[in-house]
Amino acid sequence: MQPAIEPGRLARAFRLVKLGLVERDGEDYRVAGNEEKSYPVSLTTDPQCYCGDSWHRGRRVVCKHVLAARLLAGDVGLLIQFGEHLARDERFAREAGLR
Ligand SMILES: [Zn+2]
């Protein structure tokens, strides 16, 4: 099963791309990080990234580095998922009378 994508991580991934911190490295990607100089990301290996965030409470999650690389690679499915998340958020807010 594919690990779940957390919307906050996806938002941070958008920011990494926007700031130009993600670049192609041959077939792979390189994402600038906070603690390490940069994180190598491969979309064809398992795991795709070796950062500490790839494991959360003993289970694998899709980290912002992998999401950023997928965005740069033009992963339309990811954009659709994010759009659906925003629409769901909007609907909940409307139903709760917040908008
Ligand atoms: Zn990572």
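Parameters at a glance
- Residues numbered from 1 in each chain as written.
- Predicted model: local features only at pLDDT ≥ 70, side-chain atom pairs only at ≥ 80, totals over all residues.
- Pairing = 2+ DSSP bridges.
- Helix = DSSP H or I, 4+ residues; strand = E, 2+ residues; numbered from the N terminus.
- Core = buried A, V, L, I, M, F, W, Y, C linked by C-beta atoms within 7 Å.
- Buried ≥ 20, exposed ≤ 12 C-beta atoms within 10 Å, placed from the backbone.
- Contact = placed C-beta atoms within 7 Å.
- Axes fitted to C-alpha atoms, helices over the stretch in contact; angles between N-to-C directions.
- Parallel < 35°, antiparallel > 145°, perpendicular 65-115°, else oblique.
- Left-handed = near helix turned anticlockwise from the far one by under 90°.

## A look at the pairing of strand β1 (residues 22–25)
- The pairing of β1 with strand β2 (residues 28–32) spans four bridges and is antiparallel. Looking at β2, one finds that Glu-23 is bridged to Arg-30.

## Structural notes on the nonpolar core
- The biggest cluster of nonpolar side chains holds 15 residues, and the ones touching the most others in it are Val-22, Val-31, Val-41, Val-66, Leu-67, Ala-68 and Ala-69.
- Taken together, the elements giving at least two residues each to this core come down to α1 (7–18), β2, β3 (38–41) and α2 (64–72).
- Among residues more than four places away in sequence, those in contact with Leu-67 are Ile-5, Arg-9, Leu-10, Ala-13, Val-62 and Leu-78.

## Concerning the packing of α1 against α2
- Where α1 contacts α2, the two axes come as close as 8 Å, and the packing angle between them is 55°. Relative to α2, α1 is oriented oblique. Crossing hand, α1 versus α2: right-handed. Contacts between α1 and α2 involve Arg-9, Leu-10, Arg-12, Ala-13, Phe-14, Leu-16 and Val-17 from the first element and Lys-64, Leu-67, Ala-68, Leu-71 and Leu-72 from the second.

## Overview of the sheet that holds β2
- A sheet is described by the order of its strands in space; here three strands give the open sequence β1-β2-β3, paired in antiparallel fashion. At either end of the open sheet lies a strand with only one pairing partner, and these are β1 and β3. Across this sheet, the average inter-strand angle for adjacent strands is 25°, counted without regard to direction.
- In the packing of α2 onto the sheet, the strands contacted are β1, β2 and β3, and the crossing angle to β2 comes to about 125°.

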